[in-house]
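Observations on the three-dimensional arrangement
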Amino acid sequence: MIDSELTIRKLEIFLAFMDKRNIARTAETLGISGVSVHRALHSLEEVLRCPLFAQDGRNLKPLPAAQTLAHYADEMLIVLRRAIEATRKAAGYGSGRMKLGCLYSLTTGTVPRLIMGLKRRRPEMEIDLSMNSSRELLLQLADGLLDAILVSLPGERVEMAGLETLPLFEDTFYLAVPLSMADKVTEPADLADLRHEKFVTMNEGFATAQRFDDAFREAGFRPVVVTRLNDIFSLMNMVQAGVGCSLVPHRIGKVFENSVRLIELAERYRKHQTIALVFPKNRERDPDILSLVAEARMLAHPPQD
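Report on the accompanying structure.

1. Some thoughts on the overall build of the chain
Across its full length, the chain holds nine helices and eleven strands. A compact globule built from 305 residues should have a C-alpha radius of gyration of about 19 Å, whereas the chain, at 30 Å, is more than 25% larger. Its C-alpha atoms put the chain at 100 × 40 × 30 Å along the principal axes. Classification of the 305 residues of the chain by burial places 44% in the buried group. In the chain, the share of contacts with a sequence separation of at least 24, taken over all contacts with a separation of at least 6, comes to 75%. Element-wise, carbon and sulfur atoms account for 50% of the exposed surface of the chain, whose accessible area totals about 16900 Å². Side-chain charges in the chain split into 39 positive and 40 negative, and the spacing between the mean points of these groups amounts to 3 Å.

2. Looking at the pairing of strand β11 (residues 272–280)
The side chains of a regular strand alternate, residue by residue, between the two faces of the sheet. Burial analysis of β11 places eight of its nine residues in the buried class, the great majority of the element. Bridge count for strand β5 (residues 148–152) against β11 is four bridges, and the pairing is antiparallel. In the strand pairing of β11, serine 152 is matched with isoleucine 275. Sheet analysis places strand β6 (residues 163–178) next to β11, joined by nine bridges and oriented antiparallel. Paired with proline 167 across the strands is alanine 276, a residue of β11.

3. Quick notes on the nonpolar core
Ranked by size, the top nonpolar core spans 30 residues in total, and within it Ala148, Ile149, Leu150, Leu277, Val278 and Leu292 carry the most contacts. Going through the elements one at a time, β3 (97–102), α5 (110–121), α6 (134–142), β5, β6, β11 and α9 (287–300) are the ones with two or more residues in this core. Ignoring sequence-local partners within four residues, the contact set of alanine 148 consists of Lys99, Leu100, Gly101, Leu141, Leu277, Val278, Phe279, Ile289 and Leu292. Judged by nonpolar contacts, the second largest core, of 20 residues, contains Phe14, Met18, Ala40 and Leu60.

4. Regarding the packing of aromatic side chains
Taken as a whole and assessed by the stated rule, the structure comprises seven aromatic pairs. Their ring planes at 85° and their centres at 5.4 Å tell us that phenylalanine 17 and phenylalanine 53 sit as a pair that is edge-to-face. Residue phenylalanine 17 is located in helix α1 (residues 8–20), and its partner phenylalanine 53 is located in strand β1 (residues 53–56); the two are separated by 36 residues in the primary sequence. This pair shows no difference in class: phenylalanine 17 is buried, exactly as phenylalanine 53 is. Judged by centre distance (5.4 Å) and plane angle (80°), the ring pair of phenylalanine 216 and phenylalanine 221 falls under edge-to-face. For phenylalanine 216, a relative accessible area of 2% corresponds to the buried category. Among the aromatic residues, those joined into a ring-pair cluster are Phe199, Phe212, Phe216 and Phe221.

5. So, the packing of helix α2 (residues 23–30) against helix α3 (residues 34–48)
Put simply, α2 and α3 touch, their axes get as near as 8 Å, and they point 105° apart. On the basis of their axis angle, the class for α2 and α3 is roughly perpendicular. In this structure, α2 contributes Ile23, Thr26 and Ala27 to the contact, and α3 contributes Gly34, Val37 and His38. The residue makeup of the contact of α2 with α3, split by class, is three nonpolar, three polar and no charged.

6. Side note on the pattern of salt bridges
Here the structure, examined in full by the defined rule, presents 16 salt bridges. Between arginine 121 and glutamate 295 there is a salt bridge; the shortest N-O distance is 2.7 Å. With arginine 121 in helix α5 and glutamate 295 in helix α9, this pair connects stretches of sequence that are 174 residues apart. A relative accessible area of 39% places arginine 121 in the partly exposed class.

7. Concerning the pairing of β6
Across four bridges, the pairing between β6 and strand β9 (residues 246–249) is antiparallel. Along β9, the bridge assignment pairs phenylalanine 173 with proline 249. The sheet contact formed by β6 and strand β10 (residues 260–263) spans four bridges and is antiparallel. Within the sheet, the bridge partner assigned to proline 178 lies in β10 and is valine 260.

8. Some words on the environment of leucine 11
Along the chain, the position of leucine 11 falls in helix α1. When the C-alpha positions of leucine 11 and methionine 76 are compared, they lie 9.8 Å apart, and in sequence the two are 65 residues distant. In contact with leucine 11, not counting residues within four places along its chain, are Leu6, Leu44, Leu69, Ala73 and Met76.

Conventions we followed
Residues numbered from 1 in each chain as written. Predicted model: local features only at pLDDT ≥ 70, side-chain atom pairs only at ≥ 80, totals over all residues. Heavy atoms only, no water. Helix = DSSP H or I, 4+ residues; strand = E, 2+ residues; numbered from the N terminus. Rg over C-alpha atoms; globule rule 2.2 N^0.38 Å. Buried < 20%, exposed > 50% of the residue type's maximum accessible area, 1.4 Å probe, protein only. Contact = heavy atoms within 4.5 Å. Areas by Shrake-Rupley, 256 points an atom, 1.4 Å probe, with all protein chains shown as cover. Lys, Arg positive; Asp, Glu negative; His and termini not counted. Charge placed at Lys NZ, Arg CZ, Asp CG, Glu CD. Pairing = 2+ DSSP bridges. Core = buried A, V, L, I, M, F, W, Y, C linked by side-chain atoms within 4.5 Å. Phe/Tyr/Trp six-rings, centres within 6.5 Å; stacked < 30°, edge-to-face > 60°. Axes fitted to C-alpha atoms, helices over the stretch in contact; angles between N-to-C directions. Parallel < 35°, antiparallel > 145°, perpendicular 65-115°, else oblique. Nonpolar A, V, L, I, M, F, W, Y, C, P; charged D, E, K, R; others polar. Salt bridge = Lys/Arg side-chain N within 4 Å of Asp/Glu carboxyl O.

What follows is the structure in structure tokens.
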């Protein structure tokens, strides 16, 4: 076993001294004190159990052992730097290729703005976009299949182990009805009055489906669900065609404002969701992730005129 006191930092200081051959100049180059340089050189002698230098007045004269160590230490640090670069490349660190996951509903405005801003910061970056439910996106992030995701945080805002979260905005759920039914529902809508209506919603695992179930639990009955879907645009098309009503986040209504009416829910049924950027904590210094976070913060807190 190599002595744990033989550190890379000490070897870097040693190589800098072998280049400058002067403690003061070495300290100035590295931005540390002369005492730190002297201590690192003396510590190497203790770890290797052999002298590396001879005292030459107020300075140190390298012995043949120091020349030998310098040769191998220089090669070792070159190989180590290559190993670090190769490891980061294998992990996608600073690769210039972003695997981004998001909810379907965020492609109406949030994600396009984020991607456009990211491309302005990093024109060379390639972005692969995947869409799925919050649950599936979190699983893919955990498996390393995605670099970062835009999802709905759990209602209780629990801390997700090993992940960093950056909240972007909060959205509120509304009742979505076809235009033909709009005049029949008073605002704010009381779900108890819609006991005999048909509904469409998302499949399990989607935040929209969870908020849907929560709201009707408050209403005290299970609605008649005609069909469940895997993307919110298909769901809104079903509402538009009169297949059934639904509960959807307010942001999606802008896309269907000419064919679907969004009606505010009564306070007791009102549900919210927090949309956030989520990424692994161990990637927080990745240049690609840093650019993504910077642009996400611009979306969350746009500059005031």
